[in-house]
Structures are given as C-alpha cells and as structure tokens.
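# Close look at the chain arrangement
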Amino acid sequence: VQLVESGGGLVQAGDSLRLSCTASGRTFTSAAMGWFRQAPGKGREFVAAIRWAGGNTYYGDSVKGRFTISRDNAKNTVYLQMNSLRPEDTAVYYCAAGWGVGVGMYNFWGQGTQVTVSS
C-alpha cells in the first residue's frame, strides 16, 4: 500500500489549505484513514480520521471547527480541508491507513507534506 500526500505549502494565518492523500496498491483494504501531524521538537498529534464505510469523522480538539476530513471512495482519496490556519498548525502532516480510527490502529503511512503558517 502506498499513500501519497499533496497540497502542503506556506500560507499566512487565517488562510486555508486542502491536503490530499491518495492510496494505491493491489491489497488496499483499510477500514479508515487518518491525518496526523508533527511539529519540530514535538510528538505526533492526531488531527482527524474518517471511516471509508459510512464516512464517520473524528477530530483532535485543536482542530475541531476549523478542519474537515472527507473522502472519495471511488478515487481512494482522503482530503483535509484546513481553514482559519494558525501558526501553531505548522507541522509535517502525515496521512495514514489502518483497520480502525484509534490512534494506534494505523499500519501504513505516507511520506508527509509540510504545512507552514506564518503570522
């Protein structure tokens, strides 16, 4: 399974960005997809997750109300719409695929995409 993220970049506080993650691989059958982030000197933080079936969504407290996760099952693609970005959102964002939405339930990871928010 390969996960490829795109859409990161440098923006100003208050701006929006949309990240994409496309999954490929002959045996791709994960139940859920998630987004995590890691800022310099900090641990990995859960951002959002979504189930392929049903589309149930879950968010970390720091992004609730500002970020939206969605999926396109036909394209095996998950999106993270990030609005009202803050400097503290600066991090490398990783896409992950797993058998559930719990933090420890992901077994495939993308290479990460940098998001930098200037004040």
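Everything here concerns the structure above.
Right, let's walk through the structure included here. Model, not experiment: these values are computed from the prediction. (Residues numbered from 1 in each chain as written. Predicted model: local features only at pLDDT ≥ 70, side-chain atom pairs only at ≥ 80, totals over all residues. Heavy atoms only, no water.)

Further remarks concern the nonpolar core. By size, the foremost hydrophobic cluster in this structure holds 26 residues, and its most contacted members are Met33, Trp35, Val47, Phe67, Leu80, Met82 and Tyr93. At the level of elements, strand S3 (17–24), strand S4 (32–38), strand S5 (44–51), strand S7 (67–72), strand S8 (77–82), strand S9 (91–98) and strand S11 (113–118) are the ones that each hand at least two residues to this core. (Core = buried A, V, L, I, M, F, W, Y, C linked by side-chain atoms within 4.5 Å. Buried < 20%, exposed > 50% of the residue type's maximum accessible area, 1.4 Å probe, protein only. Helix = DSSP H or I, 4+ residues; strand = E, 2+ residues; numbered from the N terminus.)

What follows is about the side chain of Arg66. Tracing the backbone shows Arg66 in the loop between strand S6 (57–59) and S7. The class of Arg66 is buried, set by a relative accessible area of 8%.

This part covers the pattern of salt bridges. Pairs can form between side chains of opposite charge once their charged atoms are near each other. Within the structure shown, the criterion is met by 4 salt bridges. Its salt-bridge partner being Arg37, residue Asp89 comes within 2.9 Å of it at the nearest N-O pair. In this pair, Asp89 is assigned in the loop between S8 and S9 and Arg37 in strand S4, connecting sequence segments 52 residues apart. Each member of the pair, Asp89 together with Arg37, is buried. The closest approach of N and O atoms between Lys64 and Asp61, which form a salt bridge, is 3.2 Å. Residue Lys64 is classed as partly exposed on the basis of its relative accessible area of 49%. A single salt-bridge network, built from bridges that share partners, covers Arg37, Glu45, Arg66 and Asp89. (Salt bridge = Lys/Arg side-chain N within 4 Å of Asp/Glu carboxyl O.)

Functional significance is not addressed by these values, which are geometric in nature.
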